[in-house]
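# Remarks on the overall topology
The primary structure of each chain is shown beneath.
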Amino acid sequence: MTRLGFTLAASLCLTTSLANAAGFQPIEVPGDGPLPVIKGGVWYPCAQPVGDIKVGPFTMAATKDCPVTGEKLPLVVLSHGRGGTFIGHHDTAETLADAGFVVVAISHPGDNALDKSRIDDPSVFVERPADIKRTIDFVLGSWPDAGKIDAARIGFFGFSRGGYTGLVAIGANPHFGKRLKICEGNDSAVCDQVHKGELPELTHDPRIKAAVIADPLSVFFTSDSFKAVKVPVQLWGSERGGDGVTPESVVAIANQLPTKPEFHPVPNSQHFDFLTPCPAELIKTAPAICADGPDFDRAAFHREFNAKVLAFFRKQLVDAQ
């Protein structure tokens, strides 16, 4: 670990030792007409001793259903990659919640590990940013502890397709062109617009004040896609890429954002190293997302990664207020 990484990690350890443990509860954004239910989880500070919660193959260091501690808490919304799940970045969520943030992660309908019904349908690229807005609306509105959140301090974290989602949510405008491959043989409303060269209506959310974007899918972005992005961005890029993301494409985004992002290229890493370290059960069933290179320690990287993510959100959502 670098000297800077050690300092940040030491600072994080001190902070979390003084802060509350992470509480956790499932969350469900209600459906509305054609809009499906959005399922996920919420992490938050609580005053009870930390416990272990088993969700699928993962064991989280959190306390289930304990009361939310604090007032005017900053909020961070998490978005997973293609076919991922709300639990895929739980270590980052726990780190933020331990430090006083409310963190909501969702499983995008039709594009998650349990529901892949629209995983390759172009509609998900339109609906993903809308899912984020719906989630923020719910957490600030109908969620029982909505009154504990400061609506002026909202951040976003996204990985891969979730990175694409976040860039659109903070103002980026993708260009699908007229010959989108996933629209071949597809006569959906979105593809009809694409064939006509029209840009489907996309959801931007000005309530988001800062974003952490890790290895974003960027095939739909061009050099002028980011003109409307005004919020600070912490951008992460793997050295080897994967799942449609290339190191060059992440560097291009870093160069095209109007305000220079806080850019962190990660030596010896591959795309899925941004996912939380895999438990033994998952290593056996999903080696493609769990296997690390011989010169990369995912657990050590995540300690440094989570510390820098926390420091960024503290700077942008807490110290800047």
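Residues numbered from 1 in each chain as written. Predicted model: local features only at pLDDT ≥ 70, side-chain atom pairs only at ≥ 80, totals over all residues. Heavy atoms only, no water.

## Brief notes about the overall build of the chain
Stated precisely, the cut-off is as follows: In this text, helices come from DSSP runs of H or I with a minimum length of four residues, and strands from runs of E with a minimum of two, each type numbered from the N-terminal end. We compute the radius of gyration from the C-alpha atoms alone; for a globule the expected value is 2.2 Å times N to the 0.38, where N is the number of residues. Categorising residues by exposure relies on relative accessible area from a 1.4 Å probe, with only protein chains included: less than 20% of the type maximum marks a residue as buried, more than 50% marks it as exposed, and the intermediate range marks it as partly exposed. Contacts were defined at the residue level, with two residues in contact if any of their heavy atoms lie within 4.5 Å. Methods summary: accessible areas were calculated by the Shrake-Rupley approach with a probe of 1.4 Å, and residue burial reflects only the protein chains presented. Only four residue types enter the tally: Lys and Arg on the positive side, Asp and Glu on the negative side, with His and both chain ends excluded. Note that the charge is assigned to NZ on lysines, CZ on arginines, CG on aspartates and CD on glutamates.
When you go through the chain residue by residue, the secondary structure sums to nine helices and 11 strands. Since a compact globule built from 321 residues should have a radius of gyration of about 20 Å, the 19 Å found for the chain is in line with a globular shape. Expressed as lengths along the three principal axes of its C-alpha atoms, the size of the chain is roughly 55 × 45 × 40 Å. Looking at the chain as a whole, 55% of its 321 residues are labelled buried. Across the chain, the fraction of contacts at a sequence separation of at least 24, relative to all contacts at a separation of at least 6, is 74%. Accessible surface, the chain as shown: approximately 14,000 Å² in total, 55% of it carbon and sulfur. In the chain, which carries 30 positive and 36 negative side-chain charges, the distance between the mean positions of the two groups comes to 3 Å.

## A short note on the state of the cysteines
For the record, the criterion: What counts as a disulfide here is a pair of cysteine sulfur atoms lying within 2.5 Å.
Per the stated rule, a full pass over the model turns up two disulfides. Sulfur-sulfur distance for the disulfide between Cys 46 and Cys 66 comes to 2.3 Å. Note on the Cys 46 and Cys 66 pair: the S-S dihedral is about -110 degrees, so by sign convention the disulfide is left-handed. Here Cys 46, found in strand 2 (residues 38-46), pairs with Cys 66, found in the loop between strand 5 (63-64) and strand 6 (73-79); they are 20 residues apart in sequence, far enough to count as distant. Pair check on accessibility: Cys 46 and Cys 66 agree, each one buried. One disulfide in the model links Cys 278 with Cys 290; its S-S distance is 2.2 Å. Residues Cys 278 and Cys 290 share a disulfide whose torsion about the S-S bond is about -90 degrees; that sign makes it left-handed. In this pair, Cys 278 is assigned in the loop between strand 11 (262-266) and helix 7 (280-285) and Cys 290 in helix 8 (residues 287-290), connecting sequence segments 12 residues apart. For the pair formed by Cys 278 and Cys 290, the shared burial category is buried.

## Here's the deal with unusual backbone geometry
Unusually for a residue other than glycine, Asp 65 sits at a positive phi of about 60 degrees. Within the secondary structure layout, Asp 65 lies in the loop between strand 5 and strand 6.

## Regarding the layout of surface pockets
Threshold: For cavity detection a 1 Å grid was placed over the protein atoms alone, and a set of points counts as a cavity when a 1.4 Å probe fits there but cannot get out; an open set counts as a pocket when protein lies on both sides within 12 Å along at least five of seven lines, with lining residues being those that have an atom within 4 Å of a point. Grid points are joined across faces, edges and corners, and a volume is the space filled by probe spheres set on the points. Amino acids are sorted into nonpolar (Ala, Val, Leu, Ile, Met, Phe, Trp, Tyr, Cys and Pro), charged (Asp, Glu, Lys and Arg) and polar (every other residue, Gly among them).
Estimated volume of the largest pocket: approximately 890 Å³. Every element with two or more residues in the lining of the largest pocket is listed here: strand 1 (21-29) and strand 2. Across the lining of the largest pocket, the residue classes break down as 19 nonpolar, 12 polar and six charged.

## Thoughts on the nonpolar core
Inclusion rule: Grouping buried Ala, Val, Leu, Ile, Met, Phe, Trp, Tyr and Cys residues that are joined through side-chain atoms within 4.5 Å yields what is termed a nonpolar core.
If you look at the biggest cluster of nonpolar residues, it comprises 53 residues, and the most contacted ones within it are Val 102, Trp 143 and Tyr 164. With seven residues, helix 3 (residues 123-140) is the single largest residue contributor to this core. In contact with Val 102, other than residues within four places in its own chain, are Val 42, Trp 43, Tyr 44, Leu 73, Pro 74, Leu 75, Val 76, Trp 143 and Ile 149. Residues Met 60, Leu 78, Phe 159 and Val 309 belong to the second largest nonpolar core, which totals 39 residues.

## With respect to the packing of helix 2 (residues 90-98) against helix 9 (residues 298-319)
In a packed pair of helices, the relevant descriptors are the angle between the two axes and the axis-to-axis distance. Heads up, the rule is: In this analysis an axis means a line fitted to C-alpha atoms, helices contributing only their contacting stretch, and an angle means the value between N-to-C directions, from 0 to 180 degrees. An angle counts as roughly parallel when it lies under 35 degrees, as roughly antiparallel when it exceeds 145, as roughly perpendicular when it falls between 65 and 115, and as oblique in every other case. The handedness criterion is simple: a crossing whose near helix is rotated anticlockwise from the far helix by less than a right angle is left-handed, and one whose near helix is rotated clockwise is right-handed.
Running from amino to carboxyl end, helix 2 crosses helix 9 at an angle of 45 degrees, the nearest separation of the two axes being 10 Å. Classed by the angle they form, the pair helix 2 and helix 9 counts as oblique. The chirality of how helix 2 crosses helix 9 is right-handed. Where helix 2 approaches helix 9, its residues Asp 91, Thr 92, Thr 95 and Leu 96 are matched on the opposing element by His 302, Phe 305, Asn 306, Val 309, Leu 310 and Phe 313. Here the residues of the contact of helix 2 with helix 9 are counted per class, giving five nonpolar, four polar and one charged.

## What to know about the packing of helix 3 against helix 4 (residues 161-169)
Running from N to C, helix 3 and helix 4 cross one another at 65 degrees; their axes reach a closest spacing of 9 Å. On the basis of their axis angle, the class for helix 3 and helix 4 is roughly perpendicular. Crossing angle aside, the handedness with which helix 3 passes helix 4 is right-handed. Each of Val 124, Phe 125, Arg 128, Pro 129 and Ile 132 in helix 3 lies in contact with helix 4, whose residues at this interface are Arg 161, Gly 162, Tyr 164, Thr 165 and Val 168. Across the contact of helix 3 with helix 4, the residue classes break down as six nonpolar, two polar and two charged.

## Section: the pattern of salt bridges
The line we're drawing: Salt bridge criterion: a side-chain nitrogen from Lys or Arg within 4 Å of a carboxyl oxygen from Asp or Glu.
Enumeration over the complete set of coordinates arrives at 15 salt bridges. Between Asp 120 and Arg 161 there is a salt bridge whose closest N-O contact spans 3.9 Å. Of this pair, Asp 120 sits in the loop between strand 7 (102-107) and helix 3 while Arg 161 sits in helix 4, and the two are 41 residues apart along the sequence. For Asp 120, a relative accessible area of 44% translates into the label partly exposed. Residue Lys 133 is joined to Asp 137 by a salt bridge in which the shortest nitrogen-to-oxygen separation is 3.0 Å.

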